[in-house]
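Tertiary structure, described
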Amino acid sequence: MFAIVGSGEYLEPMSAVDRELLASLPTDPRVVCVPAAAGTEGDAMIDRWLQRGVDHFRALGVDADGARVWNAESANDPELAAKVAAADLVYLSGGKPSYLYSVLESSLVWESILQVTNRGGLLVGCSAGAMIQGELFVGRTGRGDGFGLWPSVAVIPHFDEIPSPVAAAMRKAAGKGRTVIGVNGNTAFVNANGSYRVVGDEITIWSGAGKNTFGPGDVPAEMLRPD
């Protein structure tokens, strides 16, 4: 399972959303927070994001820990990879999507994340962590490769904060034959083996079905078919 979050990771407005995500997992799930997208921001910021995640999920009553992955070396640390592999929910917080992708690409930690999702666990990514789940990501400074967990999709996080002309440019940059998903803050869009649902506020989808906006609840799979 995969979830893309627009913004607001580890803040109180996300608590209800995260409780619903946790409810999709087995009893007593284990959460591991990965701050890799903030890896260029210095030790204090890396530690801050890690600890905020751990504190947030422990306050929700679950077992939570952090994996201090921030560069290619740490992403290939066998102990950190094993910690990630033992999780039921892996959370990728925000930062720089291009840096996050470069750190995780072909790494032991990425292999561990796929082990988690392959056995029915959940990968949650906020902002940069959401963007790298698509086939590609688009931003104000260009576009880059994603991991293709959402095939033919480009994700625009912080969608309710982005001016319409900027969002239009980002959609154009994604190119034809792709679905673009704009995710509002404090909102998760969940892909559970091809069944889709919104948790929180709203998402906006541009696809072969045109432009559509969805609030909390299920989203028909045909709404994601590329244009």
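Here goes a summary of the coordinates provided. (Residues numbered from 1 in each chain as written. Predicted model: local features only at pLDDT ≥ 70, side-chain atom pairs only at ≥ 80, totals over all residues. Heavy atoms only, no water.)

**Concerning the sheet that holds strand β2 (residues 30-34)**
- Spatial ordering of the open sheet is given by β3-β2-β4-β5-β1-β10-β11-β14, a layout of 8 strands whose pairing is mixed. Both edges of this open sheet fall to β3 (63-66) and β14 (217-219), since each of them pairs with a single strand only. This sheet shows a mean twist of 20° between the axes of neighbouring strands, independent of strand direction.
- Sheet strands touched by helix α6 (residues 108-118): β1 (2-5), β4 (89-92) and β5 (122-126). Its angle to β5, the strand with the most contacts, is close to 125°. (Pairing = 2+ DSSP bridges. Helix = DSSP H or I, 4+ residues; strand = E, 2+ residues; numbered from the N terminus. Axes fitted to C-alpha atoms, helices over the stretch in contact; angles between N-to-C directions. Contact = heavy atoms within 4.5 Å.)

**Topic: the environment of Ile156**
- Here Ile156 shows up in strand β8 (residues 150-156).
- Along the sequence, Ile156 and Gly217 sit 61 residues apart, while their C-alpha atoms lie 20 Å from each other.
- Leaving out residues up to four positions away in the same chain, Ile156 has contacts with Ile162, Ala167, Met170, Arg171, Val180, Ile181, Gly182 and Val183.

**A few points about the pairing of strand β13 (residues 210-214)**
- Sheet topology places strand β12 (residues 203-207) next to β13; 5 bridges connect them, and they run antiparallel. Of the residues in β13, the one forming a bridge with Trp206 is Lys211.
- Counting the residues that bridge the hairpin from β12 to β13 gives 2 residues.

**Considerations on helix α8 (residues 164-174)**
- Turning to α8, its buried residues are Ala167, Met170 and Ala174. Buried residues in α8, looked at end-on, bunch into an arc of 60°, giving them a common side. Along α8, the residues that are exposed and aim more than 90 degrees away from the buried face are Pro165 and Lys172. (Buried < 20%, exposed > 50% of the residue type's maximum accessible area, 1.4 Å probe, protein only. Arc of directions from axis to C-beta.)

**Some points on the packing of aromatic side chains**
- All told, the structure shown has 10 aromatic pairs when counted by the stated rule.
- Seen from their ring centres, Trp110 and Phe147 are 3.8 Å apart, and the 20° between their planes marks the pair as stacked. Pair noted here: Trp110 is in helix α6 and Phe147 is in the loop between β7 (142-145) and β8, with a separation of 37 residues, a long-range link. Exposure class is identical for Trp110 and Phe147. Each is buried.
- On the numbers, 5.9 Å between centres and 40° between planes, the contact of Trp150 with Tyr196 is tilted. Note that Trp150 is positioned in strand β8 and Tyr196 in strand β11 (residues 195-199), a separation of 46 residues in sequence.
- Classification of Tyr196 as buried rests on a relative accessible area of 15%.
- One aromatic cluster in this structure is built from Tyr10, Trp49, Phe57 and Tyr91.
- The lysine or arginine in question, Arg52, covers the ring of Trp49, its NZ or CZ lying 4.5 Å from the ring centre. (Phe/Tyr/Trp six-rings, centres within 6.5 Å; stacked < 30°, edge-to-face > 60°. Lys NZ or Arg CZ within 6 Å of the ring centre and 35° of its normal.)

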